[in-house]
Amino acid sequence: MWYAIISHDVEQSLPLRQQARPDHLARLEQLREEGRLLLAGPCPAVDSEDPGEAGFLGSLVVAEFDSLAAAQAWAEADPYVTAGVYKGVEVRPFKALLP
């Protein structure tokens, strides 16, 4: 089943993000290679493709896992969690409808 992983950044998270980004992206790339990643990306803090110093408010990952517990365990092990980028993470079942 698909799961939406909705993460919320701490204030001034950009330096923390930059430090943990390579490890964070490597985990996403692994999901993509396994055919389990529907989409992933950050939510800019301002209405811009490149928010610059404004940084990001959080992230969204939609990926396939065997269970809610497996999705939660994956989300909790994210390098952004261990680096303190996220102040909270929600994991919810997701039903892909369109396209």
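See the structure above.
The following paragraphs examine the structure supplied in this document. From a predicted model like this one, the values you see are computed outputs, not experimental measurements.

Nonpolar side chains collect at one region of the surface, where Leu38, Leu39, Leu60 and Phe94 lie side by side and expose about 300 Å² of accessible area between them. Mapped onto the elements, Leu39 comes out in strand β2 (residues 37–44).

This part covers the side chain of Asp9. Looking at where Asp9 falls in the secondary structure, it is placed in strand β1 (residues 2–9). Residue Asp9 is classed as buried on the basis of its relative accessible area of 5%. A polar contact of 2.6 Å, which involves the side chain of Asp9, links it to the side chain of Ser13. Look past the residues within four positions of Asp9 in its chain and what remains in contact with it is Arg17, Phe56, Leu57, Gly58, Val85, Tyr86 and Lys87.

Within the open sheet, the four strands sit side by side as β2-β3-β1-β4. Their pairing is antiparallel. Two strands bound the open sheet, and with one partner strand each, they are β2 and β4 (86–94). Strand-to-strand twist across the sheet, computed as the mean angle between neighbouring axes with direction ignored, equals 10°. Taken together, the seven bridges between β1 and strand β3 (residues 56–64) define a ladder with antiparallel strand orientation. Counted as the bridge partner of His8 is Gly58 from β3. Across the sheet, helix α1 (residues 14–33) is in contact with β1, β2, β3 and β4; its angle to β3 comes to roughly 10°.

Across seven bridges, β2 lies against β3 in antiparallel orientation. Bridging from a neighbouring strand, Leu37 pairs with Ala63 of β3.

Further remarks concern the environment of Leu57. Of note, Leu57 is situated in strand β3. Other than its neighbours up to four places away in sequence, Leu57 contacts Ser7, His8, Asp9, Cys43, Pro44 and Ala45.

The final tally for this structure, using the stated rule, is five salt bridges. The partner of Arg27 in a salt bridge is Asp78, with the nearest N and O atoms 3.9 Å apart. Of this pair, Arg27 sits in helix α1 while Asp78 sits in the loop between α2 (68–76) and α3 (79–82), placing them 51 residues apart in sequence. With respect to burial, Arg27 and Asp78 carry one shared label: buried.

To continue, consider α2. Taken residue by residue, α2 has Ala71, Trp74 and Ala75 as its buried positions. The buried residues of α2 occupy an angular sector of 100° when projected down its axis, which confines them to one face. Elements in contact with the buried residues of α2: β1, α1, β3, α3 and β4.

Calculation rules
Residues numbered from 1 in each chain as written. Predicted model: local features only at pLDDT ≥ 70, side-chain atom pairs only at ≥ 80, totals over all residues. Heavy atoms only, no water. Patch = residues over 30% accessible without salt bridge, like charges linked within 9 Å, V, L, I, M, F, W, Y side chains within 5 Å. Areas by Shrake-Rupley, 256 points an atom, 1.4 Å probe, with all protein chains shown as cover. Salt bridge = Lys/Arg side-chain N within 4 Å of Asp/Glu carboxyl O. Helix = DSSP H or I, 4+ residues; strand = E, 2+ residues; numbered from the N terminus. Buried < 20%, exposed > 50% of the residue type's maximum accessible area, 1.4 Å probe, protein only. Polar contact = N/O pair within 3.5 Å; in protein donor to acceptor, adjacent residues only side chain to side chain. Contact = heavy atoms within 4.5 Å. Pairing = 2+ DSSP bridges. Axes fitted to C-alpha atoms, helices over the stretch in contact; angles between N-to-C directions. Arc of directions from axis to C-beta.

Nothing here speaks to function; it is geometry throughout.
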